[in-house]
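# Inside the fold
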Amino acid sequence: MTLSTLLLFIPACFALNMAPGPNNLLSVSNSTRYGFRTSCLAGLGRLLAFAGMIALAAAGLAVVLQTSELLFHAIKILGAAYLIYLAVQLWRANPETATQAEGTRASLPALARQEFLVAAGNPKAILIFTAFLPQFVDPAQGVSAQFAVLGAMFLVLEWIAISAYAYMGLHMRRWFAEPRGKRLFNRGCAVLLSGAASVLLMARRA
């Protein structure tokens, strides 16, 4: 791969990583509730889901998702349902209980699983990998090696995005220190997650 290709790929990729979405919103929410470090570690669940999608795209198995309307809609509905479930949980969360529970250790496996399920429940993600990454692959060179490099770079940039959104959430935590502020923030996140679920339900195959 040439340097010019990488110089085009990195900013375009990072723009995708930093785009507001349900997973990045989850990083903000987790950071306000459990802290910066926990939010970043929970993001490993997202990276695992994306790594699996990149592997599927590299193997050409994404064609199955593109051609199977039933499978696409099934994943889409399950993903939207899970986002709505998270939105309801946030809306009903008791901020006073959360304040009393501050400093307690959050369940990292549960938070990472949450990140994984939100990422895996978006069928458009794997289609992005199918449509986006191949644009930077030179068919005259080793395709598998190039896909591996691009995929690894995507995951590194995604990790930076996770950290950036978690850092943002850390500062919001100070702004919403009082129970009333936490309730407003939780319900704002709930509305945004519901909106993301609606967008996901309207998504169509590329």
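This text gives an overview of the structure that appears in the document. On a predicted model such as this, the values are computed, not experimentally measured, just so you know. (Residues numbered from 1 in each chain as written. Predicted model: local features only at pLDDT ≥ 70, side-chain atom pairs only at ≥ 80, totals over all residues. Heavy atoms only, no water.)

## With respect to the overall build of the protein
When helices and strands are counted, the protein shows 11 helices and zero strands. Along the protein, helices and strands appear, N-terminal first, in the series α-α-α-α-α-α-α-α-α-α-α. In the protein, which comprises 206 residues, the share counted as buried stands at 39%. Look at the contacts in the protein between residues 6 or more apart in sequence, and 88% of them connect residues 24 or more apart. (Helix = DSSP H or I, 4+ residues; strand = E, 2+ residues; numbered from the N terminus. Buried < 20%, exposed > 50% of the residue type's maximum accessible area, 1.4 Å probe, protein only. Contact = heavy atoms within 4.5 Å.)

## Some points on a nonpolar patch on the surface
Together, Leu48, Phe116 and Leu117 give the surface a local cluster of nonpolar side chains, amounting to about 260 Å² of exposed area. One can find Leu117 in helix H8 (residues 108-120). (Patch = residues over 30% accessible without salt bridge, like charges linked within 9 Å, V, L, I, M, F, W, Y side chains within 5 Å. Areas by Shrake-Rupley, 256 points an atom, 1.4 Å probe, with all protein chains shown as cover. Salt bridge = Lys/Arg side-chain N within 4 Å of Asp/Glu carboxyl O.)

## Focus: the side chain of Asn24
Considering the arrangement of structural elements, one finds Asn24 in helix H2 (residues 22-34). Those residues in contact with Asn24 that sit more than four places away from it in its chain are Asn17, Met18, Ala19, Arg46, Glu158 and Tyr165.

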